[in-house]
Amino acid sequence: MHIKKFINKFDNLKAENRLLKFVIIVIGIGCVVSSILSLQAVKYQKVIILPPAVDKRIVIRGSSVNAEYIELFSKYAMGLLLNYTPRIYDDQINDLLKLTSPGYYPALNRKLIEMKENVKRLAITSMFYPHILRINQEKQEIKILGLRIQTARSQEIEREEKIYMLNYQMINGRFYVDGIQEIEKK
C-alpha cells in the first residue's frame, strides 16, 4: 500500500510540475506579447494640445506633427529673432536659442552675439509681420514672406518685404530650429 501511495504522490508531483511549467510559459508569452503591443501602441499614440493662446488643434503623433504646429512654432521663432528692442534683445535671443537644434546652436549663437553689439550701440528696433508661410514637411523647411521694419533712434532705416527660409527638425514631437537664412528676392 505504501508503494501505491508513493507512486500516486510521485505522479501528482509530476503533473503539478508540468502544470507549473505550462503556467510559467503562458505568463512569459503573455509578457512578450504585452510588451510588443505596448511598443506598437506608442507609435499610434496621439496627443492633442490646445493651449489658451492657440485657436487651432495641434496634433503630435510620435515624431510627426500637423502643419498648424509647425506654423505656430515657426511664427514664434521668427518673432523671437526679428521682433526686438535693445532692452529685450537678450531675452529674445535666449528664448530663441532654447528652440535651436544642438547642431545649429553654435552658429546661431555667434551670429546673434555679433548682432547684439549693433542693436545696443545703434538702438535698433525691429518688427516683422509675416504674411505668407509655405511649409514643406518632406524637406523640413518653411519659406516665410513678410514685412520687416527697422528703426534706429526713432528713425526708420528699413521697410522692406523679406523672405526667410527656416529649416527645422522634429525630435520626439518637439520643434527645433535647424537653420535660418534670408533669401534674396528675384
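Residues numbered from 1 in each chain as written. Predicted model: local features only at pLDDT ≥ 70, side-chain atom pairs only at ≥ 80, totals over all residues. Heavy atoms only, no water.

1. Considering the overall build of the protein chain
Within the protein chain, the regular secondary structure consists of 4 helices and 7 strands. From first element to last, N terminus to C terminus, the protein chain shows the α and β order α-β-β-β-α-α-α-β-β-β-β. For 186 residues, the compact-globule estimate of 2.2 N^0.38 gives 16 Å, and the C-alpha radius of gyration of the protein chain, at 30 Å, exceeds that figure by more than 25%. The C-alpha extent of the protein chain, read off along each of the three principal axes, is 115 × 30 × 30 Å. (Helix = DSSP H or I, 4+ residues; strand = E, 2+ residues; numbered from the N terminus. Rg over C-alpha atoms; globule rule 2.2 N^0.38 Å.)

2. Side note on the confidence of the model for the protein chain
One rule of thumb: low pLDDT means the predicted coordinates there are not for detailed reading. Confidence along the protein chain averages 87 in pLDDT terms, with 90% of residues attaining 70 or more. Across the protein chain, strand β5 (residues 141-152) holds the top mean pLDDT of 94, while strand β1 (residues 47-49) sits lowest at 65. (pLDDT = per-residue confidence, 0-100.)

3. What to know about the nonpolar core
In this structure, Leu112, Leu166 and Phe175 are the most contacted members of the largest nonpolar core, which totals 33 residues. If one sorts the elements of this core by residue count, helix α2 (residues 67-82) sits on top with 7 residues. Discounting chain neighbours no more than four positions away, the residues touching Leu112 are Leu81, Tyr89, Ile93, Leu96 and Leu97. (Core = buried A, V, L, I, M, F, W, Y, C linked by side-chain atoms within 4.5 Å. Buried < 20%, exposed > 50% of the residue type's maximum accessible area, 1.4 Å probe, protein only. Contact = heavy atoms within 4.5 Å.)

4. A word on the packing of aromatic side chains
Under the defined criterion, the tally for this structure stands at 5 aromatic pairs. Each ring, one from Phe73 and one from Phe175, has its centre 5.8 Å from the other, and the planes form 25°; the classification is stacked. With Phe73 in helix α2 and Phe175 in strand β7 (residues 174-183), this pair connects stretches of sequence that are 102 residues apart. The buried category is assigned to Phe175, whose relative accessible area is 1%. Ring geometry for Tyr84 against Tyr89: centres 5.1 Å apart, planes inclined by 80°, an arrangement best described as edge-to-face. By relative accessible area, Tyr89 is classed as buried at 1%. Three or more aromatic residues joined by ring pairs form one cluster here, namely Tyr69, Phe73, Tyr168 and Phe175. (Phe/Tyr/Trp six-rings, centres within 6.5 Å; stacked < 30°, edge-to-face > 60°.)

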